[in-house]
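Architecture and fold: a report
Each chain is listed here by its residues.
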Amino acid sequence: ADLIKNAKKVVVVSGSGISAAAGLSTYVGGKDGLYEKARKRYKLEKGIDLFGWRFYSERPRDAQKFLAELAVAVQKATPTPTHRALVDLERSGVLMRHITLNIDGLHAQAGASLWDGSDGTTVELHGALREVVDCENGNVYALDDEMLRRIRGGRDAVDGKDAPRDALRVNGSKKRP
């Protein structure tokens, strides 16, 4: 604490441990970790494989359902004192960059500014469960309850037959006003 208290500028790298106090599983937390749960459920050599492109391309419904379960857990979680402390550091001007491996979005929920390539402080290195990428066209949409129901039911989150949705980003680029 003294190191940060006396620092003029800091960079923070955080992982799933920061969200454990919010009731979310860590990735490497032994038998309760997400990697171990994935390894057992999907009979994988390494649980981390569930989060890779190869598993997704071979078993997209399994990957989507697992991520939907995580998204439901994340929706129930609230930022921890650590998330809020990082926001306080950002607002004080001391936090230059926060790089998080987390996909829970609790940093943003706590009020952190998200880095968009030119502005913001927090970099969500692995993305966030609050967004869905349409693999057909690359558009990015805000995850909503209807999408979660579809995914949990073994269907695509975005259906081309639906009424058009507002994209957060079109073809992976930030949507222009």
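Attention in this report is confined to the structure presented alongside it. The written sequence of each chain sets the order in which its residues are numbered from 1. Where totals are concerned, whole chains, interfaces and linings use all residues; where local detail is concerned, this predicted model gives features only for residues with pLDDT of at least 70, and gives and counts side-chain atom pairs only at 80 or more. To obtain the side-chain values, all non-hydrogen atoms of the structure were included, while hydrogens and water were left out.

1. Observations regarding helix 8 (residues 145-152)
- We call a residue buried when its accessible area falls under 20% of the maximum for its residue type, exposed when it is over 50%, and partly exposed in between, using a 1.4 Å probe and counting protein chains only. Strands are runs of DSSP state E lasting at least two residues, helices are runs of H or I lasting at least four, and both sets are numbered from the N terminus onward. Where helix 8 is concerned, the buried positions are Met147, Leu148, Arg150 and Ile151. Projected down its long axis, helix 8 carries its buried residues within an arc of 160°, all on one side.
- What qualifies as a polar contact is a pair of N or O atoms within 3.5 Å, subject to a donor-acceptor requirement within protein and to the restriction that residues adjacent in sequence count only when both atoms come from side chains. With a side-chain oxygen lying 3.2 Å from the backbone nitrogen of Glu146, the N-terminal cap of helix 8 falls on Asp144. Here, the arc refers to the directions that run from the helix axis to the C-beta atoms.

2. Looking at the environment of Ala7
- If you trace the backbone, Ala7 turns up in the loop between helix 1 (2-5) and strand 1 (10-14).
- For the pair Ala7 and Val94, spaced 87 residues apart in sequence, the C-alpha to C-alpha distance is 7.4 Å.

3. Digging into the packing of aromatic side chains
- Only the six-membered ring of Trp is used, alongside the rings of Phe and Tyr, when aromatic pairs are assigned; centres must lie within 6.5 Å, and planes under 30 degrees apart are stacked while those over 60 apart are edge-to-face, with the rest tilted. Counting across every chain of the model gives seven aromatic pairs.
- Each member of the aromatic cluster is reached from another via a ring pair, and the members are Tyr27, Tyr35, Tyr42, Phe51, Phe55 and Phe66.

4. Let's talk about the sheet that holds strand 2 (residues 95-100)
- Strands pair, by our definition, only if DSSP identifies at least two bridges between them. Here we have three strands laid out as an open sheet, ordered 1-2-3, and parallel in their pairing. For this open sheet the edge positions go to strand 1 and strand 3 (122-124), each flanked by a neighbour on one side alone. Direction aside, neighbouring strands of the sheet carry axes that sit 15° apart on average.
- Seen against the sheet, helix 6 (residues 81-92) touches strand 1 and strand 2 and runs at an angle of roughly 145° to strand 2. To get an axis, a line is fitted to the C-alpha atoms, and for a helix only the part in contact is used. The angle between two axes follows their N-to-C directions and goes from 0 to 180 degrees. Contacts are residue-level and defined by heavy atoms, with any inter-residue pair within 4.5 Å sufficient.

5. Topic: the pairing of strand 2
- By the bridge criterion, five bridges tie strand 1 to strand 2 in an arrangement that is parallel. Its bridge partner lying in strand 2, Val11 is registered against Arg97.
- Here strand 2 runs beside strand 3; their pairing, made up of three bridges, is parallel. Bridging from a neighbouring strand, His98 pairs with Thr122 of strand 3.

6. Some remarks on the nonpolar core
- Nonpolar core, defined: a set of buried Ala, Val, Leu, Ile, Met, Phe, Trp, Tyr and Cys residues in which side-chain atoms within 4.5 Å join the residues together. Counting 28 residues, the largest nonpolar core has Leu50, Phe66, Leu143 and Met147 as the members making the most contacts within it.
- At the level of secondary structure, the elements contributing two or more residues to this core comprise helix 3 (34-42), helix 5 (60-76) and helix 8.
- With seven residues, helix 5 is the single largest residue contributor to this core.
- Non-local contacts of Phe66, meaning those with residues more than four positions away in its chain, are made with Leu34, Ala38, Arg41, Tyr42, Leu50 and Phe51.
- Formed by seven residues, the second largest nonpolar core is a distinct cluster that contains Val12, Leu86, Leu89 and Leu95.

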